[in-house]
Amino acid sequence: MMIIGVDYHPSFQTIAFLMEETGEGGEQELNHSDGQAEKFYRDLKQRGIGVRVGMEATGYSRWFERLLAELGFQVWMGDPAEIKAKRVKKRKTDREDARLLLRLMLENNFPQIWVPGPENRDLRQLLWHRHRLVQMRTRIMNQLQALAMNEGYRWKKKLFSEQGRVQLEKLALAPWASRRRQELLELLDRMNPTIEELTAAVEGEARKRPEALRLMTHPGVGPLTALAYVLIIGTPTRFQRGKQIGTYVGMIPCEESSARKQRLGHVSKQGNSLLRFLLVEAAQAATRIHPDWRRRYIHLAMRRHKSIAKVAMGRRLAVRLYWMWRNGCEYSPALEFGSYAGQLGTGHGVK
């Protein structure tokens with residue numbers, strides 16, 4: 001068995017390796033563009049050497065992970081924050097990072113994290129693609145609103161109704177403003193069918209998963225939020241308590257407390273930004289349709305601020321969805337707010 005610590009970069013990787021049987025080790029830099037890295041690992045496979053690779057979780061490494069999976073090598077993904085905390089020397093280089101990863105693996109101290117499967121990752125691309133297209137459509141609609149408001153018309157949502165569209169097209173504009181209006185409307189017409197198709201695909205994927213259907217029984221939670229929650233959380237057994245969900249999603253405040261003085265800052269935003277956005281959006285929808293959620297939101301908004309209240313309600317929604325999923329229970333109006341919101345059948349929740 002060869003143990004390899006990989007400091008991965010998009011164009012190259014620096015490795016530190018050790019043969020367990022012979023104790024032979026070394027360091028090497030492998031380029032990606034000329035196929036040097038792929039050839040190195042394929043040669044190990046041909047020689048019949050078992051390989052365990054340890055690397056930090058990073059982007060732009062999907063091809064490398066697929067290559068290792070194809071060759072049947074073990075891949076350990078590490079938490080970058082925990083790995084950084086285990087660094088003793090202040091001197092940081094690619095070789096030092098590779099040596100650190102190798103040492104942590106040999107000492108059985110490697111902070112391994114959960115890695116989603118290929119199907120999970122591909123479905124996340126569906127969610128991200130729809131999300132980005134919706135953002136682009138919103139920017140286009142805002143530009144059309146600005147054109148109308150510059151002419152003295154403030155129609156808001158009515159602008160995108162059939163009658164509002166006719167009135168917008170009848171506005172007498174200067175040549176370049178008229179061209180801008182025409183091309184923005186054409187872009188809007190092309191994007192709407194695509195977004196509708198992606199939305200239907202999300203709804204279809206959500207209906208295939210019983211856990212997503214269970215989460216959708218909660219007020220404000222639709223197919224998009226439920227599917228994103230299931231894909232990004234993966235399995236509720238990864239977490240021992242509901243409060244850990246808030247930490248994982250990045251919806252808890254940063255803290256720098258010392259000498260018995262508590263100092264809280266902004267939310268950490270260390271989790272998945274898409275899930276964080278959808279949770280806050282779903283929580284706002286719940287406050288509009290559910291009296292208990294609205295009462296809680298108004299209470300928080302009066303104490304602190306609206307933006308803080310929105311994030312707090314999103315965090316509470318994340319915890320409640322966690323307990324609904326873990327206990328296999330659908331939403332019930334009997335649930336009450338608390339430090340362990342939504343925990344069913346325990347001393348901290350409502351039976």
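Everything that follows concerns the structure shown earlier in this document.
All figures in this text were calculated on a predicted structure; none of them were measured in a lab. (Residues numbered from 1 in each chain as written. Predicted model: local features only at pLDDT ≥ 70, side-chain atom pairs only at ≥ 80, totals over all residues. Heavy atoms only, no water.)

S.K.: Would you take a moment to explain the nonpolar core for this structure?
M.R.: The tendency in soluble globular proteins is for nonpolar side chains to be buried as a group. Counting 61 residues, the largest nonpolar core has Leu144, Tyr229 and Leu279 as its most contacted members. Looking at this core, the elements that each hand over two or more residues are α5 (118–150), α7 (175–207), α8 (210–215), α9 (223–233), α10 (243–249), α11 (273–289), α12 (291–303) and α13 (306–327). Ranked by the residues each element gives to this core, the list is headed by α13, at eleven residues. Sequence-distant contacts of Leu279, defined by excluding residues within four places in its chain, comprise Thr225, Tyr229, Val249, Met251, Gly314, Leu317, Ala318 and Leu321. Counting 22 residues, the second largest nonpolar core, distinct from the first, contains Val6, Ile15, Phe40 and Leu67. (Core = buried A, V, L, I, M, F, W, Y, C linked by side-chain atoms within 4.5 Å. Buried < 20%, exposed > 50% of the residue type's maximum accessible area, 1.4 Å probe, protein only. Helix = DSSP H or I, 4+ residues; strand = E, 2+ residues; numbered from the N terminus. Contact = heavy atoms within 4.5 Å.)

S.K.: Is there a simple way to think about the pattern of salt bridges in this case?
M.R.: On inspection of all chains with the given rule, the structure shows 18 salt bridges. Notably, a salt bridge pairs Glu27 with Arg95, separated by 2.8 Å at the nearest N-O pair. Remark: Arg95 occurs in helix α4 (residues 94–106) and Glu27 occurs in strand β3 (residues 25–31); sequence separation between them is 68 residues. By relative accessible area, Glu27 is classed as partly exposed at 31%. Here Lys39 and Asp43 are joined by a salt bridge, their closest N and O atoms 3.1 Å apart. With Lys39 and Asp43 both in helix α1 (residues 36–46), this residue pair falls four residues apart, about one helical turn. We classify Lys39 as exposed; its relative accessible area is 55%. Taken together, the salt bridges that share partners define one network made up of Glu27, Arg91, Arg95, Glu96 and Arg99. (Salt bridge = Lys/Arg side-chain N within 4 Å of Asp/Glu carboxyl O.)

S.K.: Explanation requested: the packing of aromatic side chains in the structure shown.
M.R.: Two numbers describe a pair of aromatic rings. These are the distance of the centres and the angle of the planes. Throughout the structure, instances matching the rule amount to ten aromatic pairs. For the ring pair Tyr8 and Phe64, a centre distance of 5.7 Å and an interplane angle of 25 degrees mean the geometry is stacked. Of this pair, Tyr8 sits in strand β1 (residues 2–8) while Phe64 is found in helix α2 (residues 62–71), placing the two residues 56 residues apart along the sequence. Each of the two residues, Tyr8 as well as Phe64, counts as buried. One aromatic cluster is present, formed by Tyr8, Phe40, Tyr41, Trp63 and Phe64 through successive ring pairs. (Phe/Tyr/Trp six-rings, centres within 6.5 Å; stacked < 30°, edge-to-face > 60°.)

S.K.: How should I be thinking about α1 in this particular structure?
M.R.: Because an α-helix packs 3.6 residues into every turn, residues spaced three or four apart end up facing the same way. Every buried residue belonging to α1 is among Ala37, Phe40, Tyr41 and Leu44, and all of these are buried. Burial along α1 is one-sided: seen end-on, the buried residues are contained in an arc of 85 degrees. The outward face of α1, more than 90 degrees from its buried face, is lined by the exposed residues Lys39 and Gln46. Against β1, β2 (12–19), β3, β4 (51–56) and α2 lie the buried residues of α1. Gly48 sits one or two residues past α1 and shows a positive phi near 75 degrees. (Arc of directions from axis to C-beta.)

S.K.: I keep staring at the packing of α11 against α12 and nothing clicks. Help me out?
M.R.: The packing of two helices is summarised by the inter-axis angle and the distance between the axes. Two numbers describe how α11 lies on α12: the axes approach to 6 Å, and their chain directions differ by 110 degrees. The angle between the axes of α11 and α12 places the two elements in the roughly perpendicular class. Crossing of α11 over α12 shows left-handed handedness. Of the residues in α12, those in contact with Ala286, Thr287 and Ile289 of α11 are Pro291, Trp293, Arg294 and Tyr297. (Axes fitted to C-alpha atoms, helices over the stretch in contact; angles between N-to-C directions. Parallel < 35°, antiparallel > 145°, perpendicular 65-115°, else oblique. Left-handed = near helix turned anticlockwise from the far one by under 90°.)

S.K.: Can you help me understand the packing of α5 against α11 in this one?
M.R.: At a minimum axis distance of 11 Å, the contact between α5 and α11 shows a crossing angle of 65 degrees. Seen along the crossing, α5 lies across α11 with a hand that is left-handed. In this structure, α5 contributes Leu127, Trp128 and His131 to the contact, and α11 contributes Ser273, Leu274 and Phe277. Looking at the contact of α5 with α11 residue by residue, the class counts come to four nonpolar, two polar and no charged. (Nonpolar A, V, L, I, M, F, W, Y, C, P; charged D, E, K, R; others polar.)

S.K.: Just checking my understanding: could you explain the environment of Ala286 for this structure?
M.R.: Here Ala286 lies in helix α11. With a relative accessible area of 0%, Ala286 lands in the buried category. Put simply, Ala286 and Val221 are 65 residues apart on the chain and 7.7 Å apart in space, counted from C-alpha to C-alpha. Those residues within four positions of Ala286 in sequence are excluded, and the remaining contacts are Pro219, Gly220 and Trp293.

S.K.: Explain the sheet that holds β4 here, please?
M.R.: What holds strands together in a sheet is hydrogen bonding between their backbones, with the strands either parallel or antiparallel. The five strands are arranged β3-β2-β1-β4-β5 in an open sheet whose pairing can be described as mixed. A single partner strand is all that each edge strand has here, and the edge strands are β3 and β5 (74–78). Along the sheet, successive strands turn relative to each other by an average axial angle of 20 degrees, direction set aside. Strand direction decides the pairing type here: β4 and β5, joined by five bridges, are parallel. Note that in β5 the partner of Met55 across the bridge is Met77. Where α1 meets the sheet, it contacts β1, β2, β3 and β4, and its direction lies at approximately 135 degrees from that of β3. (Pairing = 2+ DSSP bridges.)

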